[in-house]
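A look at the structure
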Amino acid sequence: MAAYRLQLTAALLLTVWYSSANAVCGLASDIGAGGGNSGGGSGGKTIKIGHVAPLSGPQAHYGKDNENGVRMAIEDLNGQGISIGSEKVRFEIQAEDDAADPKQGTAAAQKLCDAKVAGVVGHLNSGTTIPASKVYHDCGIPHVTGAATNPALTKPGYDTTYRIIANDNALGAALALYAADRLKLKKVAIIDDRTAYGQGVAEVFKKTAVSKGMQVVDEQFTNDKATDFMAILTAVKSKNPDAIFYGGMDPQAGPMLRQMEQLGMTNIKYFGGDGICTSEIAKLSAGAKTLNNVVCAEGGASIAKMPRGETWKKRYDAKYPGQFQVYSPYTYDATLVLVDAMKRAGSADPKKYIRFLQNTNCTGVTAQISFEKTGELKNAATTLYQYKDGKKQPL
């Protein structure tokens, strides 16, 4: 247990630590910590930043939150009158809806390629981001995701693909370690939604749990459109697990928690990755007591422990009341990271600024941001959360 706490603490300290000598990503001053939005921003060359996420369907609340982060970053950048090279520029968002569908995701990616955007923030889901990453690679446009966590995303080694959040190897493992070492649980059932994200995080949880001596007593599958889980949960209940791990998103996790309560499964812990770690799950579970049994993981530090998280969050809530979910601080930073590379390169041409993106080293709202050769974030932390009185709180 002591070693486990030490590992998490070390990762957190590495992520929260930053040097005052490093610039704020993409900005001339520290807007993320309360600086003003004064300055120019009118006129100059227009540079388009693409953004893709589900803006329709049951995951639209995630997508809107992500888009808000990009829009907020662009407003801050334009408020400072940014120059690239010797030329004043203005940034615009080109927002596309992929509805969390892989085919629509690749179509949106191709549309952004055809529009010759300078860079892309997105996508949300691993199942859309992975196929879209090849489209961006083929057309030479960098993309930075602050949400897609499947480790397979960076395996092809594309120099156009970057992630500024911990991947599922960190999320699934942290949850399994907590279940085994801290809670001393022995038996777990695993359910996933068959998406790239859901299967990926569930597999990492399973592998780590088994390595810690936990017994997987049942494995069940659903899909990312389902709302009725009674048959699955009845089968799981018969195996008497101490916990359920769900690999998927909150539109399924919320109803599942309600149905667990209906079946009397109120003493079973419920684990999940960042896909269920939202404020929306409290609404979707409709006051079910089982929400109090949820332990979920997010990549990155909690808002309170991000370098500029609390002040940024106050600004976000004032601009977009009630819309915050999980990833908007990361899409904000992803936008600034793209622009930071353009500024250092003196060009918004992807062919010219991409090597500067690879050498990123700047302070964002969420962390000190620099990348491994694979495009993964260096020293990525993970935070576990629970729910009390319907509100998410860091453990």
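Residues numbered from 1 in each chain as written. Predicted model: local features only at pLDDT ≥ 70, side-chain atom pairs only at ≥ 80, totals over all residues. Heavy atoms only, no water.

The name that an unreviewed UniProt entry assigns to the protein is Branched-chain amino acid ABC transporter substrate-binding protein, with the source organism given as Ramlibacter cellulosilyticus. UniProt annotates the protein under Sequence similarities (unreviewed entry) with the comment "Belongs to the leucine-binding protein family." (UniProt positions renumbered as here; feature names shortened; annotations may be inferred.)

Focus: the environment of Gly122
Residue position: Gly122 is located in strand 4 (residues 119-122). In sequence terms Gly122 and Ser211 are 89 residues apart; their C-alpha atoms lie 33 Å from each other. Once residues lying within four places of it in the same chain are set aside, the contact partners of Gly122 are Val52, Thr129, His143, Val144 and Thr145. (Helix = DSSP H or I, 4+ residues; strand = E, 2+ residues; numbered from the N terminus. Contact = heavy atoms within 4.5 Å.)

A short note on the side chain of Glu280
Locating Glu280 in the fold gives a position in helix 9 (residues 280-284). Given a relative accessible area of 18%, Glu280 falls into the buried group. Excluding residues within four positions of it along the chain, Glu280 makes contact with His61, Asp250 and Gln325. (Buried < 20%, exposed > 50% of the residue type's maximum accessible area, 1.4 Å probe, protein only.)

Observations concerning the nonpolar core
Judged by nonpolar contacts, the single largest core of 76 residues is most densely connected at Phe91, Phe245, Phe271 and Met342. Here the element with the most residues in this core is helix 11 (residues 328-345); it accounts for nine residues. Leave out the neighbours within four places in its chain, and Phe91 touches Ile47, Ile49, Ile74, Leu77, Asn78, Ile82, Ile84, Val339 and Met342. Core analysis: the second largest hydrophobic core is formed by 26 residues, Leu233, Val236, Tyr270 and Leu291 among them. (Core = buried A, V, L, I, M, F, W, Y, C linked by side-chain atoms within 4.5 Å.)

A few points about the pattern of salt bridges
Counted by the stated rule, this structure contains 16 salt bridges. Glu96 is paired through a salt bridge with Lys111; the nearest N and O atoms lie 3.4 Å apart. With Glu96 in strand 3 (residues 87-97) and Lys111 in helix 3 (residues 102-114), the pair connects residues that are 15 residues apart, well separated along the chain. Under the relative-accessibility criterion, Glu96 is labelled buried at 11%. A residue is classified by how much of its surface remains accessible, and Lys111, at 45% relative accessible area, is partly exposed. (Salt bridge = Lys/Arg side-chain N within 4 Å of Asp/Glu carboxyl O.)

A closer look at the packing of helix 11 against helix 12 (residues 350-358)
At their nearest, the axes of helix 11 and helix 12 sit 8 Å apart, and the two run at 115 degrees to each other. By the angle class used here, helix 11 and helix 12 are roughly perpendicular. Seen from above, helix 11 lies across helix 12 with right-handed handedness. Contacts between helix 11 and helix 12 involve Val337, Leu338, Ala341, Met342, Arg344 and Ala345 from the former and Lys352, Tyr353, Phe356 and Leu357 from the latter. Of the residues contributing to the contact of helix 11 with helix 12, the split by class is eight nonpolar, no polar and two charged. (Axes fitted to C-alpha atoms, helices over the stretch in contact; angles between N-to-C directions. Parallel < 35°, antiparallel > 145°, perpendicular 65-115°, else oblique. Left-handed = near helix turned anticlockwise from the far one by under 90°. Nonpolar A, V, L, I, M, F, W, Y, C, P; charged D, E, K, R; others polar.)

Remarks on the state of the cysteines
Disulfide: a covalent bond connecting the sulfur atoms of a pair of cysteines. All told, the structure shown has three disulfides when counted by the stated rule. One disulfide in the model links Cys113 with Cys139; its S-S distance is 2.0 Å. Measuring handedness by torsion sign, the sulfur bridge of Cys113 and Cys139 sits at about -55 degrees and is left-handed. Of this pair, Cys113 sits in helix 3 while Cys139 sits in helix 4 (residues 126-139), and the two are 26 residues apart along the sequence. One disulfide bridge connects Cys277 with Cys296, the sulfur atoms lying 2.1 Å from each other. Its torsion about the S-S bond being 65 degrees, the disulfide of Cys277 and Cys296 is classed as right-handed. Within this pair, whereas Cys277 is found in the loop between strand 10 (269-272) and helix 9, its partner Cys296 is found in strand 11 (residues 294-299), the two being separated by 19 residues in sequence. Overall, the relative accessible area of 0% leaves Cys277 in the buried class. With its disulfide-bonded cysteines labelled consecutively along the sequence, the protein is connected as 1-6, 2-3, 4-5. (Disulfide = S-S within 2.5 Å.)

Thoughts on unusual backbone geometry
Backbone torsion omega between Gly122 and His123 reads 0 degrees, so that peptide bond is classified as cis. In the Ramachandran plot, Ala286 falls in the positive-phi region, its phi being about 55 degrees despite a non-glycine side chain. If you trace the backbone, Ala286 turns up in the loop between helix 9 and strand 11. Given the relative accessible area of 57%, Ala286 is considered exposed.

A short note on the sheet that holds strand 15 (residues 391-394)
Read across the open sheet, the seven strands follow the order 8-7-9-10-11-14-15; overall the sheet is mixed. The open sheet has two free edges, formed respectively by strand 8 (215-221) and strand 15, since each of these has just one partner strand. Adjacent strand axes in the sheet meet at a mean angle of 25 degrees, parallel and antiparallel pairs treated alike. As paired elements, strand 10 and strand 11 share three bridges and run parallel to each other. Of the residues in strand 11, the one forming a bridge with Tyr270 is Val294. (Pairing = 2+ DSSP bridges.)

Observations concerning the pairing of strand 10
Pairing of strand 9 (residues 243-247) with strand 10, which is carried by four bridges, proceeds in the parallel orientation. Counterpart to Ile244 in the pairing with strand 10 is Tyr270. This β-α-β element, strand 9 to helix 8 (residues 250-262) to strand 10, shows right-handed connectivity. (Right-handed = clockwise from strand over helix to strand, strands pointing away.)

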